[in-house]
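Residue-level structural notes
For reference, the chains in residue letters:
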Amino acid sequence: MDSREIRSKYLEFFAQRGAKIVPSDSLIPSNDPTLLFTSAGMVQFKDNYLGRSPDPMTRATSCQKCFRTSDIQNVGYTARHHTFFEMLGNFSFGDYFKREAIHWGWEFVTEVLKLDPARIHPTVFETDEEAFAIWEREIGVPGDKIRRRGREDNFWGPVGGAGPCGPCSEILYDQGPHIADPDDRYLEIWNLVFVQFDAQPGQTPEEYPELARKSIDTGAGLERITAVMAKVDTNFETDLFQPYIRHLEETSGRRFAESHEVTCAMRVVADHARAATFAITDRIVPSNVGRGYVLRRIMRRAMLHGGRLGLSPGFFAAMAPVVVETMKDIYPDLVPAREHVVKVVAAEEEAFNRTLSRGSAILGEMIEELKAKGSKHLPGVDAFRLYDTYGFPLELTMEILAEEGLECSESEFEEQMEGQRLRAKAAWKGSGMQALAEAEGIEKVPATEFVGYSETRCEAEVLYLFDGTAHVQSLAEGKEGAVVLDRTPFYAESGGQVFDVGLLEGTDVAFEVTNTQKSANGVFLHQGRVTRGTLKPGMSLLARIDEERRRRILPHHTGTHLLQAALRKVLGEHVHQQGSFVGPDNLRFDFTHPEAVTREQTAEIEVLVNRWVLEDYSVEIEHTTLEAARAKGAMALFGEKYGEVVRMVKIEPVSIELCGGTHVTRTGEIGPVLILSEESIQAGVRRINAVAGARAYEEIKQREMILSRLAYQLKCPMAQIPERIEKLQAQLKEKDKQIRELQERGGGVSLDGLLAKAVKVHLGDGEADLLVARIEARDSAEIETLVDKAKQKLPRAVILLGAAVEDKAVFVCSVAKDLTGQVRAGDLVKQVAAVVGGGGGGKPEFAKAGGKDVSKLDQALLAAEEILTKDS
């Protein structure tokens, strides 16, 4: 039974027992911004466990793609560690509990997988008598085969020290006595978590009160089960990894089992190729922060190990199509992303090769310094500088150091990393929502009814007042704070769209709203200042937004939807939104794309968007299930939280997106759309800045004014401005050529004419040339150029040229090396500059000086001649 059959049979088994088959979530958690990656099957069901999901399902099953790097150092060196893996799971939200979970687990492994019951060894939490009894009395497993384990192994949670938690029961499979490591011999293939208690601080598990709503969370590793079913000792020998191993053998000419080093290197590359391909498909791009940093780390680790196999640069990008081909029937979204993944990986390989070159050189200098000092320890701060400034991996630093008999403390490096994380955290400033979430009584305030899709003003009641730090009973005139209403037309900042501003007015009271935010449970926070009277709970107010500002926002938001559709049409379907800003004055759209957008592509995108505007398509809003929206091809922003019922913005036949923002009703209302700029904001992510509607019209008029002014200054019609500028550029080019020729001749004086002014003098052991002259020059560089040319013709000479440059006297002097015993250039220009009220100096062979009194330039040069000829 291969991995495909196992995956299919598992989902079918639990579907037959009333579970809803739920597709795998993205590797970017869709409903938990606190997590970098989806690392377990239960992540997408958090709201179901907490009773907050609009989906009433009580049973679910899934095969979830997961990403973990907590033990990345082990990946490749053990039989079972992975960064990317698939977790089979079945879940109960207040429905079935221990009995069903244990019975069904036993039934699946013994009757569906047909594993030998004698080789099954369950574990239970040491005080979980209920689970022990089910295994022993109902399943029939002998008591001496049921292992009791402590809290470290068989108890889950509570996260943060309090809240839901519970004991676990693991299903271990005995792989046989040929495996020496007992943890590997008795392999955990399934973990059943019984979410049973509500832990309180200071309590022991025996004291925890039981939850009213008990749940089940299970996880069975597909890779482990597949290895057991294939009767192989490592996951890398299964059909999940063999296509990549065979590809590496073919491209490297090495055999997987030929040595420990080769085996480990191929395991690393195979595992990380899967992880990188799926991560990039899920819109993660390599960078130096967050998810992008983790992705970059595993990619570069794989590239290092590929180098140990003798693979040439580009090998890792070539792995992506192999992953796509292997997994496309299970995860069809890999296919349209194939080209994008290859481009991103190729760009990262190229960048890493540059990094290796720069970092190796700098590390080499550090090693030389250590050896010179007699030290064997590279400080962690230096290793961190190599990583932080040059992207040089710590793993490679330590490997190179080891080859030189040196070392570096990984803990010191981690201290630097932690310091960087803390500095980043300290730099973040919140919006006050955290303080509101912790304020007294806020948990009793109902979610605010938002009426702003159809209304710009409404009557509302004050429910709650907040002064920025705590709940208050009133806000007096001049005080700043926040107001919670029962209903509001104010849009709270979300999905990239800025907040609404406006006014709350009542009898003898007014509050200016300058910001609107929304809490996780839907409470709108109207921030601002009381401008008249005193505000109190229970008051009835007229809430009205700044309508003109909202009107300027609408075209930018709908325009963003058109822009994304045009980008995908022109650049390819690998384009996905990475972020956006929609305001009254502009829109900003960040998207995945591995290279700069050309000028021609930008023009094509802009033309396409404006064509759709002119088509005047209807902008329709539809509320539907998340599943139905995805089936229709609706675009969603990863990392955004969606309920089971979603709001879909349709601009058919152009765009379908999940969006909670405000929009125009027809594309014709957007008006013109202008792309102002396109730029890179990080590797693999581009940004477009644009304007629409009234702002675009203002931009057009401003450009028209500039063109009109240019036409007036150039004395030609607007249409002829490019031609006129080209003509002027050609004329300037010719003038520049003439200027360069003049510069070479020394401001109009030919070199031959200048050399004719040289005289013979007696210096040192013989005769030398003396050239002292005034020339015309624009800057000191021109003087230096002429001095150099004269020096080539007069190899044994003292040359001093002076010129008036920008109301200053400037001198440049050159002295032949064998004459510096008699004349030093630095000393000579210092004396000359003193005449013009200045100073300077330099080396014996070359020096520059200057002064403010240009009227004495000739006098200074005459003084130089007298100094140089008085003894000749």
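Scroll up to find the structure.
Residues numbered from 1 in each chain as written. Predicted model: local features only at pLDDT ≥ 70, side-chain atom pairs only at ≥ 80, totals over all residues. Heavy atoms only, no water.

**A closer look at the sheet that holds strand β27 (residues 685-692)**
Where we set the bar: Any two strands with at least two DSSP bridges between them are considered paired. The secondary structure listing takes helices from DSSP runs of H or I that are at least 4 residues long and strands from runs of E that are at least 2 residues long, numbered from the N terminus. Lines fitted to C-alpha atoms define the axes here, with helix axes fitted over just the stretch in contact, and angles between the N-to-C directions of these axes take values from 0 to 180 degrees. Whether two residues are in contact is decided by their heavy atoms: any pair within 4.5 Å suffices.
With antiparallel pairing, the four strands of this open sheet are ordered in space as β21-β22-β27-β26. Each having just a single partner strand, β21 (577-582) and β26 (673-682) make up the two edges of the open sheet. The average undirected angle you get between the axes of adjacent strands in this sheet is 15 degrees. As judged from the eight bridges shared by β26 and β27, these two strands associate in the antiparallel manner. In the strand pairing of β27, L674 is matched with V691. The strands touched by helix α20 (residues 694-714) within the sheet are β26 and β27, with β26 carrying the most contacts at an inclination of about 100 degrees.

**Let's talk about the environment of A690**
Along the chain, A690 falls in strand β27. Separated by 103 residues in the primary sequence, A690 and L587 have C-alpha atoms spaced 5.4 Å apart. What A690 contacts, discounting residues up to four positions off in sequence, is N586, L587, L674, I675 and L676.

**Concerning unusual backbone geometry**
It is generally the case that most residues other than glycine have a negative phi and that most peptide bonds are trans. Here the residue pair E652 and P653 is connected by a cis peptide bond, since its omega of 10 degrees sits within 30 degrees of zero. Mapping P653 onto the fold places it in the loop between β24 (645-651) and β25 (655-658). Positive phi outside glycine occurs at K231, with the angle close to 55 degrees. Its place among the elements puts K231 in the loop between α7 (222-230) and α8 (242-252). In this model, E806 sits at a positive phi of 50 degrees, which is unusual for a non-glycine residue.

**Let's talk about the nonpolar core**
To keep things clear, this is the line we draw: To qualify as a nonpolar core, a set must consist of buried Ala, Val, Leu, Ile, Met, Phe, Trp, Tyr and Cys residues joined through side-chain atoms within 4.5 Å. Type-normalised accessible area, obtained with a 1.4 Å probe on protein chains alone, sets the label of each residue: buried when under 20%, exposed when over 50%, and partly exposed for intermediate values.
Judged by nonpolar contacts, the single largest core of 110 residues is most densely connected at L115, W135, I189, W190, M299, F316 and L363. Beyond its immediate chain neighbours, meaning those up to four positions away, F316 contacts V269, H272, A273, A276, M299, A302, M303, V345 and E349. Ranked by size, the runner-up nonpolar core spans 31 residues in total, among them L567, V597, V649 and I688.

**So, the sheet that holds strand β29 (residues 766-774)**
A sheet is described by the order of its strands in space; here six strands give the open sequence β28-β29-β30-β31-β33-β32, paired in mixed fashion. In this open sheet, the two edge strands, each paired with only one partner strand, are β28 (759-763) and β32 (839-842). Between one strand axis and the next, the sheet turns through 20 degrees on average, direction left out of account. Bridge count between β29 and strand β30 (residues 797-805): six bridges; the pairing is parallel. Each residue of the ladder has a partner; that of L771, found in β30, is I799. Packed onto the sheet, helix α24 (residues 825-835) meets β30, β31 (808-815), β32 and β33 (846-851) and runs at close to 10 degrees relative to β33. Along the sheet face, helix α25 (residues 857-869) touches β28, β29, β30 and β31 and points at about 175 degrees away from the line of β29.

**A closer look at α20**
Heads up, the rule is: Multiplying one less than the number of residues by 1.5 Å gives the expected span of a helix. Picture the helix axis, draw a direction to every C-beta atom, and the arc is the one those directions span.
Relative to the 30 Å expected for 21 residues at 1.5 Å per residue, α20 spans 30 Å between its end C-alpha atoms, a close match to the ideal helical length. Where α20 is concerned, the buried positions are R695, A696, E699, A711 and L714. Looking straight down α20, one finds its buried side chains confined to an arc of 155 degrees; they lie on one side. Turned more than 90 degrees off the buried face of α20, the exposed positions are M705, R709 and Y712. Downstream of α20 by one or two residues, K715 has phi in the positive range, about 60 degrees.

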